[in-house]
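# Observations on the model geometry
Listed below are the residues making up each chain.
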Amino acid sequence: SAQEALAYAATPIQAAEAYLQWGLVLAAKGDSQEASQQLHQSLLLAQQTENRALQSKALINLGKIAVRQSDYQTAIHHYHATLAICQEMGDKQMEGAVLNDLGAVARYQNDFGTAVSHYTAALSIAQEIGDRRTESRALNLLGIIAGTRYQFLEARDYFSRDLQICREIDDQDGEGEALGNLGHM
């Protein structure tokens, strides 16, 4: 449990990591309220110790919880804070992931132009750094938007490119999703 991990934490950073991990476990179990509390504790300790990497991990996961609760403004706030930290640290991989998350929030709010902008930025970063998993995700999400806008040829292209990457990186779940999406075109 978190309490056991905290008992062994010799430093505030270790305690922040323990709160973060426990928050992730609780979030996976569906206990969003308690997960959020643990993640806030992690964030507080990470801020006190000026550990930017831990701050970004706590913030992005707080954003994910807010999305699950349909609290999109809070999610956007957390994602933008995460994005600023990633850019400050030069963490392109996390930056691409956060841009995909921001795109998802925009899509949930039917702001397709903003969603495409975020997904396109994530795709560009992923291609720049060779992050095939984020590239695949961005292509999938761009395909979903194109399909929603009745741009079926464009959607098919995105899903086909996504499928090729999923096969190259042996992502069977992604492959199944891409095939399913192609089947709807």
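Quick notes on the rules
Residues numbered from 1 in each chain as written. Predicted model: local features only at pLDDT ≥ 70, side-chain atom pairs only at ≥ 80, totals over all residues. Heavy atoms only, no water. Helix = DSSP H or I, 4+ residues; strand = E, 2+ residues; numbered from the N terminus. Rg over C-alpha atoms; globule rule 2.2 N^0.38 Å. Buried < 20%, exposed > 50% of the residue type's maximum accessible area, 1.4 Å probe, protein only. Contact = heavy atoms within 4.5 Å. 1 Å grid on protein atoms, 1.4 Å probe; cavity = no way out; pocket = protein on both sides within 12 Å on 5 of 7 lines; lining within 4 Å. Points joined across faces, edges and corners; volume = space filled by probe spheres on them. Nonpolar A, V, L, I, M, F, W, Y, C, P; charged D, E, K, R; others polar. Phe/Tyr/Trp six-rings, centres within 6.5 Å; stacked < 30°, edge-to-face > 60°. Expected span 1.5 Å × (residues − 1). Arc of directions from axis to C-beta. Core = buried A, V, L, I, M, F, W, Y, C linked by side-chain atoms within 4.5 Å. Axes fitted to C-alpha atoms, helices over the stretch in contact; angles between N-to-C directions. Parallel < 35°, antiparallel > 145°, perpendicular 65-115°, else oblique. Left-handed = near helix turned anticlockwise from the far one by under 90°.

### With respect to the overall build of the protein
- When its secondary structure is counted, the protein shows 10 helices and 0 strands.
- The order of α-helices and β-strands along the protein, N terminus first, is α-α-α-α-α-α-α-α-α-α.
- Relative to the compact-globule value of 16 Å for 185 residues, the protein shows a C-alpha radius of gyration of 18 Å, a close match.
- On the principal axes, the C-alpha backbone points of the protein span a range of 55 × 30 × 30 Å.
- Within the protein, buried positions represent 47% of all 185 residues.
- Residue pairs at least 24 apart in sequence account for 47% of intrachain contacts in the protein once pairs closer than 6 positions are excluded.

### Thoughts on the layout of surface pockets
- Here the largest pocket defines a volume of roughly 260 Å³.
- Looking at the largest pocket, it is lined by 13 residues, and the ones nearest its centre are Lys64, Asn100, Asp101, Ala104 and Arg137.
- Counting only elements with at least two residues in the lining of the largest pocket, the list comes to α4 (52–68), α6 (92–108) and α8 (132–148).
- Residue composition of the lining of the largest pocket, by class: 8 nonpolar, 1 polar and 4 charged.

### A closer look at the packing of aromatic side chains
- In this structure the tally under the stated criterion is 2 aromatic pairs.
- Measuring from centroid to centroid gives 5.9 Å for Tyr72 and Tyr108, while their planes differ by 35°, and the two rings are tilted. Residue Tyr72 is found in helix α5 (residues 72–89), and its partner Tyr108 is found in helix α6; the two are separated by 36 residues along the sequence.
- Classification of Tyr108 as partly exposed rests on a relative accessible area of 39%.
- With a centroid separation of 6.0 Å and 80° between ring planes, the pair formed by Tyr150 and Phe152 is classed as edge-to-face.
- A residue is classified by how much of its surface remains accessible, and Tyr150, at 65% relative accessible area, is exposed.

### Describing unusual backbone geometry
- If you check the backbone angles, Glu50 has positive phi at about 60° while not being a glycine.
- Tracing the backbone shows Glu50 in the loop between α3 (32–48) and α4.
- Given a relative accessible area of 65%, Glu50 falls into the exposed group.

### Here's the deal with helix α9 (residues 152–168)
- Between the first and last C-alpha of α9 there are 24 Å, a value that for 17 residues agrees with the 24 Å anticipated at 1.5 Å per step.
- For α9, the full list of buried residues reads Ala155, Tyr158, Phe159, Asp162, Leu163, Ile165 and Cys166. The arc that holds every buried residue of α9, seen down its axis, measures 165°, which confines them to one face.
- Against α8 and α10 (172–183) lie the buried residues of α9.
- Immediately downstream of α9, the backbone of Asp170 shows phi near 60°, a positive value.

### Some remarks on the side chain of Asn100
- Tracing the sequence through the fold places Asn100 in helix α6.
- In contact with Asn100, other than residues within four places in its own chain, are Tyr119, Ala122, Thr134, Arg137, Ala138 and Leu141.

### A look at the nonpolar core
- Core analysis: the largest hydrophobic core is formed by 35 residues, its most contacted members being Val67, Ala75, Tyr79, Val98, Leu102, Val105 and Tyr119.
- Contributing elements (two or more residues each) for this core: α4, α5, α6, α7 (112–129), α8, α9 and α10.
- If you tally residues by element for this core, the top one is α6, at 7 residues.
- With 17 residues, the next largest nonpolar core counts Ala15, Tyr19, Leu39 and Leu43 among its residues.

### Some words on the packing of α6 against α8
- At their nearest, the axes of α6 and α8 sit 10 Å apart, and the two run at 15° to each other. Between α6 and α8, the crossing angle belongs to the class labelled roughly parallel. With respect to the hand of their crossing, α6 and α8 are arranged in left-handed fashion. On α8, the residues that touch Gly96, Ala97, Asn100 and Arg107 of α6 are Thr134, Arg137, Ala138, Leu141, Ile144 and Ile145.
- In terms of residue class, the contact of α6 with α8 is made up of 5 nonpolar, 3 polar and 2 charged.

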